[in-house]
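Now for the letters of each chain:
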Amino acid sequence: MAHIVPGFVCIINTWLTNSKLSKKFLPGLIFFGLIYAIVNFYMTKKTGKPIYPFLTWEGPDSLLIIAAMIAVFSLFYMGMSWMDGQLKHHSLTLLHEKR
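The shown structure was predicted, so the numbers you read here are calculated from the model rather than taken from an experiment.

> Explain the overall build of the protein chain to me, please; I cannot follow it from the model alone.
Assigned secondary structure in the protein chain consists of three helices and zero strands. Secondary structure elements in the protein chain, listed N-terminal to C-terminal, are α-α-α. Residue pairs at least 24 apart in sequence account for 56% of intrachain contacts in the protein chain once pairs closer than 6 positions are excluded. In the form shown here, the protein chain has an accessible surface area of approximately 8100 Å², with 76% of it arising from carbon and sulfur atoms.

> Would you take a moment to explain the packing of aromatic side chains for this structure?
Given two aromatic rings, their pairing is described by the distance between the two centres and the angle made by the two planes. Counting across every chain of the model gives three aromatic pairs. Between the aromatic rings of Phe41 and Trp57, the centroid separation amounts to 5.3 Å while the plane-to-plane angle is 80°, which identifies the pairing as edge-to-face. Residue Phe41 is found in helix α2 (residues 26-47), and its partner Trp57 is found in the loop between α2 and α3 (61-98); the two are separated by 16 residues along the sequence. Judged by its relative accessible area of 37%, Phe41 falls in the partly exposed class. By relative accessible area, Trp57 is classed as buried at 11%.

> When you look at a nonpolar patch on the surface in this model, what are you seeing that I'm missing?
Side chains of Phe31, Phe32, Ile35, Tyr36, Ile38, Val39, Phe41, Tyr42, Met43 and Ile51 sit close together on the surface and give an oily, nonpolar patch of about 990 Å² of accessible area. With respect to the helices and strands, the residue Val39 is situated in helix α2. Accessibility expressed as a relative area gives 43% for Val39, which makes it partly exposed.

> Just to check I follow, could you spell out the nonpolar core for this structure?
The tendency in soluble globular proteins is for nonpolar side chains to be buried side by side. Core analysis: the biggest nonpolar cluster contains five residues, these being Ala37, Leu55, Trp57, Ile66 and Ile70. Beyond its immediate chain neighbours, meaning those up to four positions away, Ile70 contacts Ile30, Gly33 and Leu34.

> Teacher, can you tell me more about the side chain of Thr44 here?
Its location among the elements puts Thr44 in helix α2. A polar atom in the side chain of Thr44 sits 2.8 Å from the backbone oxygen of Asn40. Not counting the four nearest positions on each side in its chain, Thr44 is found in contact with Lys49, Pro50, Ile51, Leu55, Thr56 and Trp57.

> Hey, could you run me through the environment of Leu21 in this one?
Within the fold, Leu21 resides in the loop between α1 (4-16) and α2. Taking the C-alpha atoms as reference points, Leu21 and Met80, 59 residues apart in sequence, are found 7.7 Å from one another. Beyond its immediate stretch of four places on either side in the chain, Leu21 contacts Tyr77, Met80, Ser81 and Asp84.

Cut-offs applied
- Residues numbered from 1 in each chain as written.
- Predicted model: local features only at pLDDT ≥ 70, side-chain atom pairs only at ≥ 80, totals over all residues.
- Heavy atoms only, no water.
- Helix = DSSP H or I, 4+ residues; strand = E, 2+ residues; numbered from the N terminus.
- Contact = heavy atoms within 4.5 Å.
- Areas by Shrake-Rupley, 256 points an atom, 1.4 Å probe, with all protein chains shown as cover.
- Phe/Tyr/Trp six-rings, centres within 6.5 Å; stacked < 30°, edge-to-face > 60°.
- Buried < 20%, exposed > 50% of the residue type's maximum accessible area, 1.4 Å probe, protein only.
- Patch = residues over 30% accessible without salt bridge, like charges linked within 9 Å, V, L, I, M, F, W, Y side chains within 5 Å.
- Salt bridge = Lys/Arg side-chain N within 4 Å of Asp/Glu carboxyl O.
- Core = buried A, V, L, I, M, F, W, Y, C linked by side-chain atoms within 4.5 Å.
- Polar contact = N/O pair within 3.5 Å; in protein donor to acceptor, adjacent residues only side chain to side chain.

In structure tokens, the structure reads:
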């Protein structure tokens, strides 16, 4: 539930406002994903318990999981950014035609 609410709020905000998602933010999002991975690694090693059961940091598979997650979420963000731009362009075009 903690991960669903922020996403839902962002979708509502995008729908209600005229702001567009920018692909320029992608490097920053990747950077924060790497920082999160480092913090996750540290806390897992410090407490001896993985935060997520699939991310145990006991072998190289955890690095592959992190790389795959960052890649998938980056592609998702790029897709959402593209879709947002297309929808906003279409709605703004219709708005200008009505004037």
